[in-house]
Amino acid sequence: MATALSEEELDNEDYYSLLNVRREASPEELKAAYRRLCMLYHPDKHRDPELKSQADRLFNLVHQAYEVLSDPQTRAIYDIYGKRGLEMEGWEVVERRRTPAEIREEFERLQREREERRLQQRTNPKGTISVGIDATDLFDRYEEEYEDVSGSGFPQIEINKMHISQSIEAPLTATDTAILSGSLSTQNGNGGGSINFALRRVTSAKGWGELEFGAGDLQGPLFGLKLFRNLTPRCFVTTNCALQFSSRGIRPGLTTVLARNLDKNTVGYLQWRWGIQSAMNTSIVRDTKTSHFTVALQLGVPHSFALVSYQHKFQDDEQTRVKGSLKAGFFGTVVEYGAERKISRHSVLGAAVSIGVPQGVSLKVKLNRASQTYFFPIHLTDQLLPSAVFYATVGPLVVYFAMHRLVIRPYLRAQKEKELEKQRESTATDILQKKQEAEAAVRLMQESVRRIIEAEESRMGLIIVNAWYGKFVNDKSRKNEKVKVIDVTVPLQCLVKDSKLILTEASKAGLPGFYDPCVGEEKNLKVLYQFRGVLHQVMALDSEALRIPKQSHRIDTDG
């Protein structure tokens, strides 16, 4: 599968790859790699004017890489932000005697200040559209009563409620943010709306406060105050006070949530709500890389319930999740199960089936697109009908797989090809320059490679017979795709030392004499080499570490 290049990969040299050292390389390893490349590229070693000019350019590049990585301060910044970080305004004022950890903290502060300046021009729009659908006529029909009514042969599916909400944020200063939100709701022909304005201020690194004013046609004016505070590094509290003005008088409300991190992945919550619907709720949430588990218990008026919910996260490209929950209380019992999956870079599609007594069977479809949420609760029946459960479960799966195969997958493939083409066009000049630099490096390596081969042949050592780098197509189903590889035999032989070749865990495109022949596509390194007179062969992924020679690479010639 093709992998898109990051901005750093497109615009910056990879200094570690250029020197062929690990990112954790010691100063001694850096110095050894630097000296070796200096001997290869030193301009005084070449008499030809053209080669001398090319060697001078490559020598300066190697020297620049060593200067950055040999200094703990600049190396700390480069490790986090790449070459662009070194060029960012403000870092030069950092005290040189500070430790790398302090340098990183100071640089992150400078970056935050830069982001805060950008923040003044940004908003954070969020919205939700919910459309309730009554499809009970599909399963709960009154055929006997209405069999003589014209058109009664077709089930009636109705939209019985709708809710739309939207909010935007307007940063006023580095600590103050204004939030404007509004909502419209309608159900069975009756509806209303509300508008709210909030002003949030970050008071310190430990907390913030928010004032809220609201008004609507169903409820009177609203005044609220929300406070957040970190009590300890592992404990925080949130308090929300509200006064609702209506024709019945002033109705106060108070909600307080106390939370504590029980361990790295587990948080415990204790909530107390007083007002229109008073309740006490306690819950434990455990969230790991592969699962999300929640258990909750609420005692209140009019709702008391117990809830257990589990969600499993698959480690695939689509970030698939399956979930199930059981909720039981004075209102009845509800079992819910479903799944969600990423269908594009910014879109997640999910569906869940809810089965309850006395609620019946419902299908809930949700689409998250960037910061917008589209929610479609479809009520199928008031009874527990096996047919409704079956169709609610199987129907969405059939529709999804059909849409994925016929619409989503072709669309994503076309989008990926379009992005790759755009990426190639935007980086064509850079890639051409990299190609010229690689070719120049290969010419400069010729004399060194000749001496290395003579030394290796004299002791039956490591000889690189052939080496190719790029995109290989071996799968018959992909036979129409073009093979895009470059010959890197000379650069690899130049890296051989004492009959060993060691490549670090990084993209090979940054190695001397290499360049990227297929931007944004999956690449491999294929090497055919001879060691102790025996042929060996290996195929390695682009970012995979490689050590040569190895017994497992040996080619079996018995057949």
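Please read these numbers as outputs of a predicted model, since none were measured by experiment.

Definitions and limits used
Residues numbered from 1 in each chain as written. Predicted model: local features only at pLDDT ≥ 70, side-chain atom pairs only at ≥ 80, totals over all residues. Heavy atoms only, no water. Helix = DSSP H or I, 4+ residues; strand = E, 2+ residues; numbered from the N terminus. Buried < 20%, exposed > 50% of the residue type's maximum accessible area, 1.4 Å probe, protein only. Contact = heavy atoms within 4.5 Å. Areas by Shrake-Rupley, 256 points an atom, 1.4 Å probe, with all protein chains shown as cover. Salt bridge = Lys/Arg side-chain N within 4 Å of Asp/Glu carboxyl O. Phe/Tyr/Trp six-rings, centres within 6.5 Å; stacked < 30°, edge-to-face > 60°. pLDDT = per-residue confidence, 0-100. Expected span 1.5 Å × (residues − 1). Pairing = 2+ DSSP bridges. Axes fitted to C-alpha atoms, helices over the stretch in contact; angles between N-to-C directions. Core = buried A, V, L, I, M, F, W, Y, C linked by side-chain atoms within 4.5 Å. Domains from an automatic or database assignment.

Trainee: What is the right way to look at the overall build of the chain in this model?
Mentor: Summing up its helical and strand segments, the chain has nine helices and 23 strands in all. For the chain, the proportion of its 559 residues judged to be buried stands at 34%. Counting contacts in the chain only where the partners sit at least 6 residues apart, residues at least 24 apart contribute 44% of the total. Summed over its atoms, the accessible surface of the chain is roughly 34,000 Å², and 56% of this surface lies on carbon and sulfur atoms.

Trainee: What exactly am I supposed to notice about unusual backbone geometry here?
Mentor: Look at the link from Val 357 to Pro 358: it is a cis peptide, with omega at 10°. Examined against the element boundaries, Pro 358 turns out to sit in the loop between strand S15 (347–357) and strand S16 (360–369). The omega torsion of the bond from Ile 548 to Pro 549 falls at 5°, within 30 degrees of zero and hence cis. Mapped onto the secondary structure, Pro 549 falls in the segment after strand S23 (546–548). Positive phi outside glycine occurs at Asn 20, with the angle close to 55°. For Asn 20, a relative accessible area of 16% corresponds to the buried category. If you check the backbone angles, Ala 370 has positive phi at about 55° while not being a glycine. Examined against the element boundaries, Ala 370 turns out to sit in the loop between S16 and strand S17 (372–381). Ala 370 sits in the exposed class, given a relative accessible area of 63%.

Trainee: Sorry, what's going on with the pattern of salt bridges here?
Mentor: For side chains of opposite charge, pairing can occur when their charged atoms come near one another. Per the counting criterion, the structure on display carries 15 salt bridges. Linking Asp 176 and Arg 201 is a salt bridge whose minimum nitrogen-to-oxygen distance equals 2.7 Å. Here Asp 176 is found in strand S3 (residues 176–187), whereas its partner Arg 201 is found in strand S4 (residues 190–204), with 25 residues between them in sequence. Asp 176 gets classed as buried once you look at its relative accessible area, which sits at 12%. Residue Arg 201 is classed as partly exposed on the basis of its relative accessible area, which comes to 47%. Between Arg 459 and Glu 456 there is a salt bridge; the shortest N-O distance is 2.9 Å. By relative accessible area, which is 2% here, Glu 456 ends up buried. Connected through salt bridges with shared partners, the residues Glu 447, Arg 450, Arg 451 and Glu 454 form a single ionic network.

Trainee: In this structure, what is going on with the packing of aromatic side chains? I would like to understand it.
Mentor: Aromatic rings in a pair are described by how distant their centres are and how their planes are angled relative to each other. One pass over the full model with this rule turns up eight aromatic pairs. Between Phe 228 and Phe 236, the ring centres sit 5.4 Å apart and the planes meet at 40°, which makes this aromatic pair tilted. Residue class for Phe 236 comes out partly exposed when judged on its relative accessible area of 22%. Relative to Phe 514, the ring of Tyr 469 lies with its centre 5.4 Å away and its plane at 65°, an arrangement referred to as edge-to-face. You can see Tyr 469 sitting in strand S18 (residues 462–471) and its partner Phe 514 sitting in the loop between strand S20 (501–503) and strand S21 (524–531), a full 45 residues away along the chain. Accessibility expressed as a relative area gives 0% for Tyr 469, which makes it buried. Among the aromatic residues, those joined into a cluster by ring pairs are Phe 139, Phe 390 and Tyr 391.

Trainee: What am I meant to see in the confidence of the model for the chain here?
Mentor: Low pLDDT means the predicted coordinates in that region are not meant to be read closely. Residue-level pLDDT values for the chain average 83, and 86% of them are 70 or greater. Highest mean pLDDT in the chain belongs to strand S12 (residues 305–313) (95); lowest belongs to helix H1 (residues 7–11) (38). Across residues 1–12, where pLDDT falls below 50, the model places 30 contacts with residues more than four positions away in sequence or in other chains.

Trainee: Would you take a moment to explain the side chain of Gln 244 for this structure?
Mentor: By secondary structure assignment, the location of Gln 244 is in strand S7 (residues 235–246). Residue Gln 244 is classed as buried on the basis of its relative accessible area, which comes to 16%. Each residue touching Gln 244, except ones within four places of it in the same chain, is listed here: Gln 219, Gly 220, Pro 221, Leu 222, Gly 249, Ile 250 and Arg 251.

Trainee: How do you make sense of helix H4 (residues 49–70) when you look at a structure like this?
Mentor: Owing to its 3.6 residues per turn, the α-helix aligns residues three or four sequence positions apart on the same side. Given a rise of 1.5 Å per residue, 22 residues ought to cover 32 Å, and the 31 Å separating the end C-alpha atoms of H4 matches this to within 8%. Inspection of H4 places Gln 54, Ala 55, Leu 58, Phe 59, Leu 61, Val 62, Ala 65, Tyr 66, Val 68 and Leu 69 among the buried residues, and these make up the whole buried set.

Trainee: Looking at this structure, I do not really get the sheet that holds S21. What am I missing?
Mentor: Note: strands within a sheet are paired through backbone hydrogen bonds, in either parallel or antiparallel orientation. Judged by pairing direction, the sheet is antiparallel, and its four strands sit side by side in the order S19-S18-S21-S22 without closing on themselves. Two strands bound the open sheet, and with one partner strand each, they are strand S19 (484–487) and strand S22 (534–541). Strand after strand, the sheet turns through a mean of 20° between neighbouring axes, direction not considered. Examined bridge by bridge, S18 and S19 share four bridges and lie antiparallel to one another. Paired with Gly 470 across the strands is Val 485, a residue of S19.

Trainee: Is there a simple way to think about the nonpolar core in this case?
Mentor: In summary, soluble globular proteins display a tendency toward joint burial of nonpolar side chains. Counting residues in each nonpolar core, the largest one holds 28 residues, and the members touching the most others are Leu 19, Val 21, Leu 30, Tyr 41, Val 62, Leu 69 and Met 445. Looking at this core, the elements that each hand over two or more residues are helix H2 (15–19), helix H3 (27–41), H4 and helix H8 (386–458). The element best represented in this core is H4, accounting for nine residues. Residue assignment places this core across two domains, with domain 1 (11–91) and domain 4 (430–558) each supplying three or more. Apart from the residues lying within four places of it in its own chain, the contact partners of Val 62 are Leu 18, Leu 19, Tyr 34, Leu 37 and Tyr 41.

Trainee: I would appreciate a short explanation of the environment of Ile 378 in the present structure.
Mentor: With respect to the helices and strands, the residue Ile 378 is situated in strand S17. Residues Ile 378 and Val 131, spaced 247 residues apart in sequence, show a C-alpha to C-alpha distance of 8.6 Å. Beyond its immediate chain neighbours, meaning those up to four positions away, Ile 378 contacts Ile 133, Ala 135, Val 361, Ser 362 and Leu 363.

Trainee: In this structure, what is going on with the pairing of strand S14 (residues 332–344)? I would like to understand it.
Mentor: Each regular strand displays side chains that alternate between the two surfaces of the sheet. Where strand S13 (residues 321–329) lies against S14, nine bridges are found, and the strand directions are antiparallel. Counted as the bridge partner of Val 322 is Ala 339 from S14. The hairpin formed by S13 and S14 contains two residues between the paired strands. In this structure, S14 lies alongside S15, joined through 11 bridges in antiparallel fashion.

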